[in-house]
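Architecture at a glance
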Amino acid sequence: MFRANIVFHGFENIVLGDDVSINHGCFVSGQGGLTIGDYVAIGHNTSIITTEHTFADAGTPIKYQPVEKRPVSIGSNVWIGANVTILGGVSIANNTIVAAGAVVTKSVEKEFTIIGGVPAKFIKDFSGSASVHAN
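Quick look at the structure, then. All values derive from a computational prediction rather than experimental measurement. (Residues numbered from 1 in each chain as written. Predicted model: local features only at pLDDT ≥ 70, side-chain atom pairs only at ≥ 80, totals over all residues. Heavy atoms only, no water.)

1. Considerations on the pattern of salt bridges
Across all of its chains, the model carries three salt bridges by this definition. Across the salt bridge formed by Arg70 and Glu52, the nearest N and O atoms sit 3.3 Å from each other. With Arg70 in the loop between strand S9 (67-69) and strand S10 (72-74) and Glu52 in strand S8 (residues 51-53), the pair connects residues that are 18 residues apart, well separated along the chain. Take Arg70: its relative accessible area is 27%, and that puts it in the partly exposed class. Salt-bridge contacts for Lys110 lead to Asp125; the nearest nitrogen and oxygen are separated by 2.2 Å. Separated by 15 residues along the polypeptide, Lys110 in the loop between strand S15 (103-104) and strand S16 (113-116) and Asp125 in strand S17 (residues 121-125) bring together distant segments of the chain. Here Asp125 falls in the partly exposed class, since its relative accessible area comes to 30%. One continuous salt-bridge network, built from bridges that share partners, spans Glu52, Glu68 and Arg70. (Salt bridge = Lys/Arg side-chain N within 4 Å of Asp/Glu carboxyl O. Helix = DSSP H or I, 4+ residues; strand = E, 2+ residues; numbered from the N terminus. Buried < 20%, exposed > 50% of the residue type's maximum accessible area, 1.4 Å probe, protein only.)

Pasting the structure below:
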């Protein structure tokens, strides 16, 4: 399910699993490669960014320096809250919850994890919770 006002950039490099929902006002970049697993819910106004400017040449304004492609991988059964930013090069494990407003700058490797904050950090393990698989 895709809601209104979603911007897809580089759609040809995006692989979507089954039953993915993307809410209102999201920016989804696929230029650097984006894979989203099954049963993923993405809250409104979330940005997933798969490119970034380089800044190696101090004599050239950053906006004119090359853009580096950095793929993002989002596992299955992931809930991404509203107003989240996921930066390039990040992988998010299956069964992860990303709290609203988080800025994800590093990969999440452990399943059944809640992360949040700026930058996003571990908040809680929920592996002992009741079934979290959606069907």
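2. Details of the pairing of S17
Along any regular strand the residues' side chains alternate between the sheet's two faces. Across four bridges, S16 lies against S17 in antiparallel orientation. Pairing of Ile114 across the sheet is with Lys124, part of S17. The antiparallel pairing of S16 with S17 creates a hairpin that spans four residues between the two strands, and Gly117 there sits at a positive phi of about 105 degrees. (Pairing = 2+ DSSP bridges.)

3. Focus on the sheet that holds strand S6 (residues 41-42)
Overall, mixed pairing links the six strands, which are arranged S3-S6-S11-S14-S16-S17 in an open sheet. Either end of the sheet is taken by a strand with one partner, and the two such strands are strand S3 (21-22) and S17.

4. Description of the nonpolar core
Among the nonpolar cores identified, the biggest contains 24 residues, and Leu34, Ile42, Ile74, Ile80, Ile86 and Val98 are the most heavily contacted of them. If you list the elements that add at least two residues to this core, you get strand S5 (34-36) and S10. In contact with Leu34, not counting residues within four places along its chain, are Asn13, Ile14, Val15, Val28, Ser29, Ile48, Thr50, Val72 and Ile74. (Core = buried A, V, L, I, M, F, W, Y, C linked by side-chain atoms within 4.5 Å. Contact = heavy atoms within 4.5 Å.)

5. Topic: a nonpolar patch on the surface
A cluster of nonpolar side chains, Phe2, Phe11 and Leu16, forms an exposed patch at the surface whose accessible area comes to about 270 Å². Turning to its location among the elements, Phe11 is positioned in the loop between strand S1 (7-9) and strand S2 (14-16). Residue classification places Phe11 among the partly exposed positions, given a relative accessible area of 42%. (Patch = residues over 30% accessible without salt bridge, like charges linked within 9 Å, V, L, I, M, F, W, Y side chains within 5 Å. Areas by Shrake-Rupley, 256 points an atom, 1.4 Å probe, with all protein chains shown as cover.)

6. Observations regarding the sheet that holds strand S4 (residues 27-29)
Backbone-to-backbone hydrogen bonds pair the strands of a sheet. The strands run either parallel or antiparallel. Strand order in this open sheet of five strands is S1-S4-S7-S12-S15, and the pairing throughout is parallel. At either margin of the open sheet sits one strand with a lone partner, and together these are S1 and S15. Where S1 meets S4, three bridges bridge the pair, whose relative direction is parallel. If you follow Val7 over to S4, its bridge partner there is Phe27.

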